[in-house]
Amino acid sequence: MPNLKTASPARSAPHGGPVQLFYQGKDAIRRPIVARAEGIYMWDADGRRYIDASSGPVVSNIGHGNPRVLAAMIEQAQKVAFASRTVFENEPNAKLADLITGLAGPGLERAYFVSGGSEATETAIKMARQYAGVKGEARRWKVIGRDPGYHGATLGAASVTGDPQAEKTFAPLMPVMPKVPAPFTYRLPPNHDADSYARACAGALEDTIRREGAETVLAFIMEPVGGLATGALVAPDHYYRAVREICDRHGVLLIYDEVMSGAGRTGSFLAAEHWPDGRPDLVTLAKGIAAGYTPMGAVLAPAEMVETIAESGGFLHGHTYASNPLSCAIGHAVVSEMLALDLMANAERMGAMLRARLEALKATCSILGDVRGKGLLLAIEIVANRETKVILPAKLKAVYRIIELGIERGLLLYSRRTADGKYGEWLMITPPLIVTAAQVDEIAGLIAETLQAYEGELRRAGAI
Ligand SMILES: Cc1ncc(COP(=O)(O)O)c(C=O)c1O
């Protein structure tokens, strides 16, 4: 068992120290120090092994230490790691764009590569805004988001993110964009089932567009399969079609944030493929497209939009590292590996198996309220009582305690309480897409042990 209680030696150092110093108070439990990783396992500096049941923050889609990706990384670094787009085109950029847009399909013919999900959100919003301007619709600037939702930490991305806590602190620095409710399916408002609530949420989008003035609304951004903000929320099928029709009716662009759901995680390259009548105009990607081997994000856009912007004088946006050769070569190796190992099919197969195993845990874990998601983008919702769906008291910070209990058992989980638990709390169950049936068993067994340990603590404390 790792010694989680040791005070951080870095805290007493006069300068330097790990990033956790920015997040944890002095009494916080210290995290183990990572030493190495391979496949879906990670080891700490004391040699303890952990199974990565979340791919970190849903990043490590092809697992750790992939030899072909490492070889591609070295090969490209030896040729040229960086070259500025203002002087050179680079081949890895063109190859990756070709590969990814080929997988994304018609309507998303161009790819712009950045360094992460937040930059991808910024880029998509600015692309949409500039396109509207060139097309004579300069009054369109509002980007409607969902509450809750998450699109990144930079200010533009935060302005479309539905997170009341971040809004409270950072609102003076950004225009807080309109939000519409996310179509939750588990805990519903009175007199609703999942279908009727999804219809009401789509209706709220149209009402909001009308209220704001359709001629001022630029775009609607949503995660087609939710990430942390909603715990792998999948809306009823009709919601996606309804959203597309509403956007079309009002000339509003539809942006799918596929930072978590993209790159094969839900069993198809884009989650958008599950709802062909809800095709988006723009897609953002990150995380899985480079699977943690390099910081990377992308915006996929229609050729016509990109041409229109380019012909008007060029995109008024750029980042130093955008589409750099080393990152693109790594992204290409990662996506190629995903295809060579047939990981989208594995995500579907192992996702179904893992989901069934998690569902079965309800028999022995009374605090396991809901299991949801698609492919290997799954989440479990934690409740005080499954019959009433009552949430555990916020002060218990249940999911954080469960993460600690997992670490003690060699199980790595991922969560962050959305809106301080107002909508409920959940943990992402999102192992790398290379997970095998035996590893699904191992993960399910450790989750069962961890939840039972927490349930025991709650009973002893009289909390349930
Ligand atoms: C759905 C979604 N969008 C955007 C982001 C922001 O990505 P990044 O943290 O790489 O900036 C995240 C990150 O978790 C995400 O889950």
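In the block above lies the structure referred to throughout.
What comes next is a walk through the structure. Since we're looking at a predicted model, the values are computed, not measured.

Thoughts on the pattern of salt bridges
Applying the stated rule across the entire model yields 27 salt bridges. Here Glu304 makes a salt bridge to Lys135, at a shortest N to O gap of 3.7 Å. Highlighted residues: Glu304 in helix H10 (residues 303-311) and Lys135 in the loop between helix H5 (117-134) and strand E5 (142-147), separated in sequence by 169 residues. With a shortest N-O distance of 3.0 Å, Glu137 and Arg140 are connected by a salt bridge. You can call Arg140 buried: its relative accessible area is 8%. When salt bridges with common partners are traced through the structure, they connect Arg187, Asp370, Arg372 and Glu381 into a single cluster.

A closer look at the packing of aromatic side chains
Throughout the structure, instances matching the rule amount to seven aromatic pairs. Relative to Trp43, the ring of Tyr41 has its centre 6.5 Å away and its plane inclined at 50 degrees; by these criteria the two rings are tilted. Side by side, Tyr41 and Trp43 carry an identical accessibility label, which is buried. For the pair Phe184 and Trp426, a centre-to-centre distance of 6.0 Å together with 45 degrees between the ring planes defines the contact as tilted. Note that Phe184 is positioned in the loop between strand E6 (179-181) and helix H8 (194-212) and Trp426 in strand E14 (residues 425-429), a separation of 242 residues in sequence. Judged on exposure class, the residue Phe184 and its partner Trp426 are both buried. Among the aromatic residues, ring-to-ring pairing joins Phe184, Tyr423 and Trp426 into one connected group. Arg36 extends its terminal NZ or CZ atom over the ring of Trp43, reaching a point 4.0 Å from the ring centre. Between Lys389 and the ring centre of Tyr186, over which it is positioned, the NZ or CZ distance is 4.5 Å.

Digging into the packing of H8 against helix H9 (residues 237-250)
It is the contact of H8 with H9, at a shortest axis distance of 9 Å, that shows an interaxial angle of 15 degrees. Considering the angle they form, H8 stands roughly parallel to H9. For the crossing formed where H8 meets H9, the hand is right-handed. Across the interface between the two elements, Asp195, Ala198, Arg199, Cys201, Ala202, Leu205, Glu206, Ile209 and Arg210 from H8 touch His238, Tyr239, Ala242, Val243, Ile246, Arg249 and His250 from H9. For the contact of H8 with H9, a count of residues per class yields nine nonpolar, two polar and five charged.

Criteria and cut-off values
- Residues numbered from 1 in each chain as written.
- Predicted model: local features only at pLDDT ≥ 70, side-chain atom pairs only at ≥ 80, totals over all residues.
- Heavy atoms only, no water.
- Salt bridge = Lys/Arg side-chain N within 4 Å of Asp/Glu carboxyl O.
- Helix = DSSP H or I, 4+ residues; strand = E, 2+ residues; numbered from the N terminus.
- Buried < 20%, exposed > 50% of the residue type's maximum accessible area, 1.4 Å probe, protein only.
- Phe/Tyr/Trp six-rings, centres within 6.5 Å; stacked < 30°, edge-to-face > 60°.
- Lys NZ or Arg CZ within 6 Å of the ring centre and 35° of its normal.
- Axes fitted to C-alpha atoms, helices over the stretch in contact; angles between N-to-C directions.
- Parallel < 35°, antiparallel > 145°, perpendicular 65-115°, else oblique.
- Left-handed = near helix turned anticlockwise from the far one by under 90°.
- Contact = heavy atoms within 4.5 Å.
- Nonpolar A, V, L, I, M, F, W, Y, C, P; charged D, E, K, R; others polar.

The analysis is restricted to geometry; functional conclusions fall outside its scope.
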